[in-house]
Amino acid sequence: MKSNLYPWNEFQGPNLAYLLEQYDLYLNSPENVSEDIANLFKQYGAPVDSLNKNEAVVGRGSSENLEKILRAIELADSIRRHGHHNANIYPLNNGMKDPSKIDMQGYGLSEQDLMDVPADLIIPNPPGDIVNGLQAINYLKSIYTDNIAFEIGHIVNSEERQWLQKKIEGNAIKANLSTGEKKELLKRLTKIEGFEKFIHRTFVGAKRFSIEGLDSLVVLIDELVSQANLTNTKQINIGMAHRGRLNVLTHVLKKPYEMMFAEFAHVPSESFLPKDGSLEISEGWYGDVKYHKGATYHSGDGMTIKLAYNPSHLEVVSPVVTGQTRAAQEVKNVPGYPEQDKNAAFAILIHGDAAFPGQGVVTEVLNYSRVRGFQTGGSIHIIANNMIGFTTEQYDSRSTNYSSDPAKGFEVPVIHVNADNPEAVIGVAQLAFEYRRQFGKDIVIDLIGYRRYGHNEMDEPSVTNPMMYHIVHKHPTARKIYGDQLVEEKVIESTEVDALDEMILEEMQQAYDRVKELPQTTAHEVIIPEAVLTGYPKFTTGVEGEKLRKVNEELLTWTKEFTPFKKLEKILKRREEPFTSNGKIDWGHAETLAFATILQEGISVRLSGQDAQRGTFSHRHLVLHDEKNGEELIPMHFIDSSNASFVVYNSPLTESAILGYEFGYSLEDKNTLTIWEAQYGDFANMAQVMFDNFISSARAKWGLKSGLVMLLPHGAEGQGAEHTSARLERYLQLSAENNWTVANLSSAANYFHILRRQAASLNEEFVRPLLIVSPKSLLRNPLVGADVSDLTEGSFQVVIEQSGLGGQPEKVKKIVFASGKLAIDLAEKIKDSSEFNYLHIIRVEQLYPFPKEEITDIVKRYPNVEQLTWAQEEPENMGSWNYALPYLLHIADGRNIVYTGRVHRASPAEGDADTYKVEQARIIEEALKGL
């Protein structure tokens, strides 16, 4: 009898197989075995626990028996790794199978060979009725090739793999439903199917993007909600595309049948909104189609379920939802980092089988899923797998075996499940929820079904996919299959199944009858809220001087134990000078003071972006690093009187997903100034879908309010085409209905004030996103710098008149309008010269909404003006010229309007620095020359 310290007790599966190989080698060529392992063999003998195993099976010198055991262990491991290739996971039975890797003959084993192997060499702690290797192998096959299939071999962490393997092989995934629960499940499936059938026959040809073929998607979400209730989770955020959305809205978020049928019938649905406040529907004035809409449901037990509003770009909602989830998990009314409770909320992300591997934003989301600034403790991904994309077969839509394969690169477990087996689906949901709770990681459920109709209900799928639809047309529905199963199990009579179907259809008919009583309507009236049309009121955003001085001192104080980088310490200490001598507050300094004073007013701040902690141009330095040990110090965490959290995160090299994430965060948390900074403005090109589909239009379409701030470095410095332009023209083209603010600033003080104005507006009806094309070379330019008095007084200025000009109004013949860097280039050229009496310069700090009234009032002061010149450094077909021209035509009142800048170009800027300098000098000269 060996002690509990017997070393072989800790080995199993592949590790035990390796030891057995080494032992076999030791018996024949001991000199080829490492000394440490050889000593263990000398002391303890064969690597088999004598307490649990028959040593006669693996006797010393029995090389043949060792070989059989080794092959049996390899077979078992192969079943675990490759069983999914033979599982019954395809409802249409049209998936490829490969039994060669789980067949005993392929390993040179007979049934007798396996019977000679102890079961516990194959399965740790096998069920009591499994006593030999053959039974163990058959048991593994029954587990790994049934209606659920598992891919976990790619997970590096052995604790995770062993936990999952124990759950799988312990049969913990099987849902053991009572008779009552089975009847309720059948009723649920009948409602899911009945909803689709009713719409199909009542609103013939109407698009609904039916869930049929994946009916158990609702069952899966139901179970996740049930599990969340058991753990007191307060919020579930769901992101999904249009397929099945109406069914999820109706059955998971409890949107009444009447409301849904009213939308199909084109009559007002508001009268059917539950009076108890349990359902919130947000609507924009321009609206959207019903299968893009979302909702919020508040259950009686305190849980909130949110289905995100989502455009047709299928996967782009995933980062928005994870951002909302992180915001819902965090408590931010404390200084320092927010306190995160990962159990408070979680995300369910539902993907299409073609979109999951096809759209890169999916892997962007998986990539940040465990990054500290963006993790949410794990999202539960569901691939709503129709086995087809629009009309595209799998072989044209991806290069992988499964649509879920991209997730494996991020060590995410993948579970495939047959959507026609709702009880298996429930078991998978339970495992996924428990895994997230245990390991705080994402998990993927590949819910494999089919699509009963075409991409939409007016599409005939047999035109392009005849083979699949020959099968689909003959295949019974999930409700029919489960009803037959319960009849066979004698849980219910067949007549009861039919009666249940008829009862539910009658319930829907009665709901529709109530809808038909409403008057018909012809069109939706577009009414923009008054708060949106009115725009920002006047904000006083100055901060008392002594308060600024004290904050500045706190930001520049750290303990003796902290050793900052010496050169950086000297640079930061210069920030004392504006308060002690004649120093200027530069851009980064103004930003820091704005953040600190915003925190003191109880508004938290979240900033993210590539290299955002120090700033792309090494101008920010909100996170300091100890020169000796690398530890971080965030002075903003120690501001006196601060009662709000502050974070700045360096993000992964991802634009689309991170911007979507921060947009989602801003939707969920109305008391955090949420900021995303592009490393260079042109990097926002990669996130254009977020600007187009969400940020610019979410309020008009869906009524969603966001105060997100976006910083896009912009300006010609001779650095080539790409890092010159943030593509300002794109955002101005998207500007309408006061949907956001677009600014190109030339003053650090104005930056300070616009940030504070934005923070003050977060909880207001007139809140909107703020997009700033921020500077690069201007970050340290003295002409941009501010005095302390500039921050203590006043507010954001939509236009700034150039000091030193315009003092003799009757002499001014030309007014030049410029923004951002070019405005400073012009100011540097003028300096204190008295040669420009004929000229005045107006810096247009806010481009949208265009400050037409303010500019008109200024122009009226100069009665002899003959020419209005719009000057920009961007090409004529880019920048702000084409946007500003219609406004100038109104303001000019017959005066001449002139454009000064680069000519029409395909590329934003010259690639050669010398060529750039020549052209930039020409623009400046032309803008300033007299008439």
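Residues numbered from 1 in each chain as written. Predicted model: local features only at pLDDT ≥ 70, side-chain atom pairs only at ≥ 80, totals over all residues. Heavy atoms only, no water.

(A) Focus on the pairing of strand β10 (residues 414-418). The buried count for β10 comes to five of five residues, which makes it a mostly enclosed element. In terms of strand pairing, strand β1 (residues 148-151) meets β10 through four bridges, oriented antiparallel. Within β10, the residue paired with I148 across the bridge is V417. Strand direction decides the pairing type here: β10 and strand β11 (residues 443-448), joined by five bridges, are parallel. Counterpart to V414 in the pairing with β11 is V444. (Buried < 20%, exposed > 50% of the residue type's maximum accessible area, 1.4 Å probe, protein only. Helix = DSSP H or I, 4+ residues; strand = E, 2+ residues; numbered from the N terminus. Pairing = 2+ DSSP bridges.)

(B) Representation of the side chain of D446 in the model. Within the fold, D446 resides in strand β11. It turns out D446 is buried and unbridged, and the closest side chain with the opposite charge, R398, is 7.0 Å from it. Within the structure, the side chain of D446 is placed 3.0 Å from the side chain of N385, a separation counted as a polar contact. Beyond its immediate chain neighbours, meaning those up to four positions away, D446 contacts I383, N385, Y402, S403, S404, I415, H416 and V417. (Lys, Arg positive; Asp, Glu negative; His and termini not counted. Salt bridge = Lys/Arg side-chain N within 4 Å of Asp/Glu carboxyl O. Polar contact = N/O pair within 3.5 Å; in protein donor to acceptor, adjacent residues only side chain to side chain. Contact = heavy atoms within 4.5 Å.)

(C) Spatial organisation of the pattern of salt bridges. Overall, the coordinates contain 45 salt bridges when judged by the stated rule. The salt bridge partner of E873 is K821, with a shortest N-O separation of 3.1 Å. One end of the pair, E873, is in strand β24 (residues 867-875); the other, K821, is in helix α30 (residues 820-830), and 52 residues separate them in sequence. What makes K821 buried here is its relative accessible area of 8%.

(D) View of the pairing of strand β12 (residues 604-609). When you tally the buried positions in β12, you get six out of six residues, the bulk of the element. Side-chain alternation along β12 places S604, R606 and S608 on one buried face and V605, L607 and G609 on a second face that is also buried. Sheet analysis places β12 next to strand β16 (residues 672-677), joined by six bridges and oriented parallel. Bridge assignment links S604 to a residue of β16, and that residue is T672.

(E) Just the sheet that holds strand β21 (residues 814-818), in detail. The strand order across the open sheet built from five strands is β20-β22-β21-β24-β25, with neighbouring strands paired in mixed fashion. Looking along the sheet, the strands with just one partner apiece sit at the ends: β20 (799-801) and β25 (896-902). Going across the sheet, the axis of each strand differs from the next one's by a mean of 25°, ignoring polarity. As paired elements, β21 and strand β22 (residues 839-844) share five bridges and run parallel to each other. Of the residues in β22, the one forming a bridge with K814 is L839. Its contacts with the sheet put helix α31 (residues 852-860) on β20, β21 and β22, and the angle it makes with β20 is roughly 20°. Lying over the sheet, helix α33 (residues 913-928) contacts β21, β22, β24 and β25, oriented at roughly 165° with respect to β25. (Axes fitted to C-alpha atoms, helices over the stretch in contact; angles between N-to-C directions.)

(F) Examining the nonpolar core more closely. Membership of the largest hydrophobic core comes to 120 residues, with the highest contact counts inside it found for I122, I221 and F261. The leading source of residues in this core is helix α15 (residues 422-439), at ten residues. Grouped together as the second largest cluster of nonpolar side chains are 118 residues, A590, F617, M690 and L868 included. (Core = buried A, V, L, I, M, F, W, Y, C linked by side-chain atoms within 4.5 Å.)

(G) Highlighting the packing of aromatic side chains. For the structure on display, the rule yields 39 aromatic pairs. The interplanar angle of 70° and the centroid separation of 5.6 Å between the aromatic rings of Y536 and F766 together place this pair among those described as edge-to-face. A residue pair is termed long-range when its members are at least 10 positions apart, and Y536 in the loop between α19 (530-534) and α20 (545-555) and F766 in the loop between α28 (748-760) and β19 (770-772) qualify at 230 residues. Across this residue pair, the class does not change: Y536 and F766 are buried. On the basis of an interplanar angle of 55° and a centroid distance of 5.8 Å, the ring pair of Y680 and F683 is categorised as tilted. The same class applies to Y680 as to F683, namely buried. Within the aromatic cluster, the residues linked to one another by ring pairs are F195, F198, F203, Y257, F261, F264 and Y512. Stacked on the ring of F264, the Lys or Arg K290 has its end atom at 4.5 Å from the ring centre. The positively charged end of R606 is found above the aromatic ring belonging to Y665, 4.8 Å away from the centroid. (Phe/Tyr/Trp six-rings, centres within 6.5 Å; stacked < 30°, edge-to-face > 60°. Lys NZ or Arg CZ within 6 Å of the ring centre and 35° of its normal.)

(H) View of the environment of I122. For I122, the position within the fold is in the loop between α4 (111-115) and α5 (133-144). For the pair I122 and A72, spaced 50 residues apart in the sequence, the C-alpha separation amounts to 7.3 Å.

(I) Highlighting the side chain of S369. The residue S369 is located in the loop between α13 (361-367) and β9 (380-385) in this model. Accessibility expressed as a relative area gives 9% for S369, which makes it buried. A polar atom in the side chain of S369 sits 2.7 Å from the backbone oxygen of L366. Setting aside anything within four residues of it in sequence, one finds S369 in contact with Q375, T376 and D442.

(J) Highlighting the packing of helix α10 (residues 257-265) against helix α18 (residues 494-516). Where α10 contacts α18, the two axes come as close as 9 Å, and the packing angle between them is 60°. Relative to α18, the element α10 lies oblique. When the axes of α10 and α18 are compared, the crossing they make is right-handed. For the pair α10 and α18, the contacting residues are Y257, E258, F261, A262 and A265 in the first and E507, M508, A511, Y512, R514 and V515 in the second. Class assignment for the residues of the contact of α10 with α18 results in eight nonpolar, no polar and three charged. (Parallel < 35°, antiparallel > 145°, perpendicular 65-115°, else oblique. Left-handed = near helix turned anticlockwise from the far one by under 90°. Nonpolar A, V, L, I, M, F, W, Y, C, P; charged D, E, K, R; others polar.)

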